[in-house]
Amino acid sequence: FLLLALTGALAQSLPRCGSLRVRRSAHSLSPAEWQQIRRVLYQLHRQGQFDRFARAHSMVFDEVHGTAAFFPFHRRFVQEFEDLGRQIDPDFTIPYWDAARDYRDPASSPILQPGTLGGDGRGRASCVRDGIQARWGSLFPRRHCLRRDFNGGPFILPWVPPEMISSFLQSDTQLGLFREHIEYGIHGAVHLGLGGDAATPYAPNDFFFFMHHANIDRLWWQWQVGHLSIFDYDGPGPNGEATLDDIIPESNDVNFN
């Protein structure tokens, strides 16, 4: 009861948002909405933002994986990218890809079709040739085509089922344990399943990264609310055991000031 009262009091003391953005499920988007996203991404690509975010993620990769910084870093990282998109289109938000819905046969997901993200790479270089990033080139870490290389040949090996995600959400009472289950479970499975750029520190070259981490952020929020643990931060931190003095790692390309 005291925890509920304290949480409510803290919530009342926080400034209210002037406006709310709603991230929708990628499974619910219409073809027109996918084209709206494509137009924003095209402009961000022309500005060099994908290269910039890929470089930034690579620079801090070891600090923000396997540590307590994993959730907060990626929450802010995705928001920074989304904010840039909203400068182009004020209605732009990053949809979340609930990958567990597609766990049985990920390659047949509606998110990996020609009208959405596109499918497996083709040719010797495994270049992505369909979808909203069809035939894109990337400059980081060197000039190359956007690549995917499914880890099951023409297929993708099964991912974590939704029942397991639900179990983690309900049973993990410590954030550090929940972070491990999500980071080394559904998070890692999707990165490795898509392969190519997605399986590297410069995964932000592929827009899947932002949709995937929008979903990881959604799961963290569900855990925070479900366990009345909005302010929990524990486990190994960027510089040892997590403390409230930890600063979210950033790079010269993307800083959170």
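Going by the structure above, here's the rest.
Given the structure is predicted, the values throughout are model-derived calculations rather than measurements. (Residues numbered from 1 in each chain as written. Predicted model: local features only at pLDDT ≥ 70, side-chain atom pairs only at ≥ 80, totals over all residues. Heavy atoms only, no water.)

Our focus in this paragraph is the pattern of salt bridges. Applying the stated criterion to the full structure yields 13 salt bridges. Across the pair D83 and R21 runs a salt bridge whose closest N-O atoms are separated by 2.9 Å. Pair noted here: D83 is in helix α4 (residues 70–88) and R21 is in the loop between α1 (2–13) and α2 (31–46), with a separation of 62 residues, a long-range link. You can call D83 partly exposed: its relative accessible area is 24%. With a relative accessible area of 33%, R21 lands in the partly exposed category. Connected through salt bridges with shared partners, the residues R21, R23, R75, E82, D83 and D217 form a single ionic network. (Salt bridge = Lys/Arg side-chain N within 4 Å of Asp/Glu carboxyl O. Helix = DSSP H or I, 4+ residues; strand = E, 2+ residues; numbered from the N terminus. Buried < 20%, exposed > 50% of the residue type's maximum accessible area, 1.4 Å probe, protein only.)

Another point: α4. With 19 residues, α4 should reach 27 Å at 1.5 Å per residue; the first-to-last C-alpha distance of 28 Å fits that figure. Every buried residue belonging to α4 is among F70, F71, P72, F73, H74, F77, V78, E80, F81, E82, L84 and G85, and all of these are buried. Tucked into the core, α4 has its buried residues touching α2, α3 (49–59), α6 (175–194) and α7 (208–226). (Expected span 1.5 Å × (residues − 1). Contact = heavy atoms within 4.5 Å.)

Time to look at unusual backbone geometry. The amide bond that connects F140 to the next residue, P141, takes the cis arrangement and shows omega of 0°. You can see P141 is positioned in the loop between β1 (137–138) and β2 (144–145). Of note in the backbone geometry, S126 takes a positive phi value of approximately 60° without being a glycine. We classify S126 as buried; its relative accessible area is 11%. The phi dihedral of R135 falls on the positive side, at around 60°, and the residue is not glycine. Structurally, R135 is set in the loop between α4 and β1.

In this section: the state of the cysteines. A complete count under the given rule lists 1 disulfide for this structure. The disulfide partner of C127 is C145, and the S-S distance across this bridge is 2.1 Å. Of note, the bridge from C127 to C145 carries an S-S torsion of about -80° and is left-handed in sense. Here the residue C127 occupies a position in the loop between α4 and β1, and C145 occupies one in strand β2, the gap between them amounting to 18 residues. Judged on exposure class, the residue C127 and its partner C145 are both buried. (Disulfide = S-S within 2.5 Å.)

Note that R23 resides in the loop between α1 and α2. Taking the C-alpha atoms as reference points, R23 and R38, separated by 15 residues in sequence, lie 16 Å from one another. When residues no more than four places from it in sequence are discounted, the contact partners of R23 are V78, Q79, E82, T93, I94, Y96, A214 and D217. Reaching out from R23, the side chain makes a polar contact with the side chain of E82 at a distance of 3.0 Å. (Polar contact = N/O pair within 3.5 Å; in protein donor to acceptor, adjacent residues only side chain to side chain.)

Looking now at α7. Look at α7: 27 Å from first C-alpha to last across 19 residues, which is about the 27 Å you get at 1.5 Å a residue. The buried fraction of α7 amounts to 14 of the 19 residues, a majority that puts the element mostly inside the structure. In the stretch just after α7, L228 is the one whose phi turns positive, near 50°.

Everything listed here is a matter of coordinates, which is why it stays silent on function.
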